[in-house]
Amino acid sequence: KAGVTQTPRYLIKTRGQQVTLSCSPISGHRSVSWYQQTPGQGLQFLFEYFSETQRNKGNFPGRFSGRQFSNSRSEMNVSTLELGDSALYLCASSLRQITGELFFGEGSRLTVL
Amino acid sequence: EDKVVQSPLSLVVHEGDTVTLNCSYEVTNFRSLLWYKQEKKAPTFLFMLTSSGIEKKSGRLSSILDKKELSSILNITATQTGDSAIYLCAVAGNAGNMLTFGGGTRLMVKP
């Protein structure tokens, strides 16, 4: 059974640009969550999607957005990139909406110059 | 605001030693506490503890939840070099799969 797949794995952008990250959950998993990991702040929750609807949102500015498609694949977008957006963005999937047992992907490492 | 604090920040031990990692939390509407292991990029699930399941064990790893003290410990006995990783503690409230993570404990096991 394939795990959570995230693309791209690495990317470099400059300030002011925008970026889109993609996540394919484990087959059959309908909940997809996104987390940002930085050395200073650790792992922080961005948002969660279930059945194409955003169910929860973390404390991030509106520049961070996401969506989920009917096949449960999810994308997140960050517009007007800032240096502080440099981070590892982790996607996690789970079978149900309320479980806590999350299966994480390898992440997308974003560097903003 | 939910909060999770882990200690120690880092730990260096030798193979065969036993280690105890600590996690304390403040959360509104506690539902569960989870432990994850992060070796390179992807955290992997270890345990989930709830009010109805306050003690879990898997091989050399075990964890206990103390709801009165709002804390948990993760024990690793007979450590191996493969146990070297960052161990993350997280809590879940009522908001779906939104987890609040602690800063992690970096464990290094030397041969």
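See the structure shown above.
Now for a look at the structure at hand.

Criteria and thresholds
- Note that residues are indexed from 1 along each chain, following the sequence as it is written.
- Naming scheme: in the order in which they are written, chains are lettered from A and ligands are numbered from 1.
- Local features are withheld for residues below a pLDDT of 70 in this predicted model, meaning they are given only at 70 or higher, and side-chain atom pairs are given and counted only at 80 or more; totals for whole chains, interfaces and linings count all residues.
- Values reported for side chains reflect all heavy atoms of the structure, with hydrogen atoms and water molecules removed beforehand.
- Any Lys or Arg side-chain nitrogen located within 4 Å of an Asp or Glu carboxyl oxygen qualifies as a salt bridge.
- Burial classes: relative accessible area under 20% of the type maximum marks a residue as buried, over 50% as exposed, and values in between as partly exposed (1.4 Å probe, protein chains only).
- The contact definition used throughout considers only heavy atoms, calling two residues in contact when any of these lie within 4.5 Å.
- The term buried area means the drop in 1.4 Å probe accessible area that two parts suffer when joined, counted for both and summed.
- Identification of polar contacts relies on pairs of N or O atoms within 3.5 Å, with a donor-acceptor requirement for protein atoms, meaning one able to donate a hydrogen and the other able to accept it, and with residues adjacent in sequence counted only if both atoms are side-chain atoms.
- Secondary structure elements are defined from DSSP: runs of H or I of at least 4 residues count as helices, runs of E of at least 2 residues count as strands, and each element is numbered from the N terminus.
- Under this grouping Gly is polar, as are all residues other than the nonpolar Ala, Val, Leu, Ile, Met, Phe, Trp, Tyr, Cys and Pro and the charged Asp, Glu, Lys and Arg.
- Cavities and pockets are defined on a 1 Å grid built over the protein atoms alone: a cavity is a set of grid points where a 1.4 Å probe fits but cannot escape, while a pocket is an open set with protein on both sides within 12 Å along at least five of seven lines, and lining residues are those with an atom within 4 Å of any such point.
- Grid points are joined across faces, edges and corners, and a volume is the space filled by probe spheres set on the points.
- One bridge is not enough; two strands pair if DSSP finds at least two bridges between them.
- Axis definition: a line fitted to C-alpha atoms, over the contacting stretch in the case of helices. Angles run 0 to 180 degrees between N-to-C directions.
- The definition of a nonpolar core used throughout is a set of buried Ala, Val, Leu, Ile, Met, Phe, Trp, Tyr and Cys residues joined through side-chain atoms within 4.5 Å.

## A short note on the pattern of salt bridges
Residues and elements named next belong to chain A.
Turning to step 1, where the next piece is worked out: Counted under the stated rule, the structure contains seven salt bridges over all chains.
Turning to step 2, where the next piece is worked out: R67 is paired through a salt bridge with E75; the nearest N and O atoms lie 3.2 Å apart.
Turning to step 3, where the next piece is worked out: For the salt bridge of E75 with R73, the shortest nitrogen-to-oxygen distance reads 3.4 Å.
Turning to step 4, where the next piece is worked out: Residue E75 is classed as buried on the basis of its relative accessible area, which comes to 16%.
Turning to step 5, where the next piece is worked out: Three or more residues joined by partner-sharing salt bridges are found here, namely R63, E82 and D85.

## A few points about the interface of chain B and chain A
Turning to step 1, where the next piece is worked out: Each side of the interface is counted separately: chain B has 16 residues, and chain A has 24 residues.
Turning to step 2, where the next piece is worked out: Summed over both sides, the interface between chain B and chain A buries roughly 1,700 Å², with carbon and sulfur atoms accounting for 56% of that surface.
Turning to step 3, where the next piece is worked out: Linking chain B with chain A are zero salt bridges, by the criterion used here.
Turning to step 4, where the next piece is worked out: At the junction of chain B with chain A, the criterion picks out four residue pairs in polar contact (both at pLDDT 80 or more).
Turning to step 5, where the next piece is worked out: Of all elements in the fold, only β4 (32-38), β5 (44-49) and β10 (99-101) of chain B reach the threshold of two or more residues within the side of chain B that touches chain A.
Turning to step 6, where the next piece is worked out: Top contributing element to the side of chain B that touches chain A by residue count: β4(B), with three residues.
Turning to step 7, where the next piece is worked out: Partitioned by chemical class, the residues of the side of chain B that touches chain A number 11 nonpolar, three polar and two charged.

## Considering the layout of surface pockets
A water-sized probe rolled over the atoms picks out the places where empty space is left.
Turning to step 1, where the next piece is worked out: If you add up the space inside the largest pocket, you get close to 540 Å³.
Turning to step 2, where the next piece is worked out: Only β5 (42-50) of chain A together with β1 (3-7) and β10 of chain B provide two or more residues apiece to the lining of the largest pocket.
Turning to step 3, where the next piece is worked out: Class assignment of the residues belonging to the lining of the largest pocket gives a composition of eight nonpolar, nine polar and three charged.
Turning to step 4, where the next piece is worked out: Here the second largest pocket is characterised by a volume of approximately 400 Å³.
Turning to step 5, where the next piece is worked out: Forming the boundary of the second largest pocket are 21 residues, of which A:Q37, A:P39, B:Q38, B:I86 and B:R106 lie nearest the centre.

## Details of the sheet that holds strand β7 (residues 61-66) of chain B
Residue and element names in this part refer to chain B.
Turning to step 1, where the next piece is worked out: In spatial order, the strands read β1-β3-β8-β7-β6; together these five strands make up an open sheet with antiparallel pairing. Edge positions in the sheet fall to β1 and β6 (55-58), since each has one partner strand and no second. Averaged over neighbouring strand pairs, the angle between their axes works out to 15 degrees when direction is ignored.
Turning to step 2, where the next piece is worked out: Here β6 runs beside β7; their pairing, made up of four bridges, is antiparallel. Residue pairing for β7: K56 is matched across the bridge by S63.

## Quick notes on the nonpolar core
Turning to step 1, where the next piece is worked out: With 22 residues, the main nonpolar core has B:Y25, B:F30, B:L33, B:W35, B:Y87, B:V91 and B:L107 as its most contacted residues.
Turning to step 2, where the next piece is worked out: When near neighbours in sequence (up to four residues on either side) are disregarded, B:L33 contacts B:C23, B:Y25, B:F47, B:M48, B:L49, B:L65, B:S72, B:C89, B:A90 and B:V91.
Turning to step 3, where the next piece is worked out: Among the nonpolar cores identified, the runner-up in size contains 21 residues, and A:V19, A:L21, A:V32 and A:M76 belong to it.

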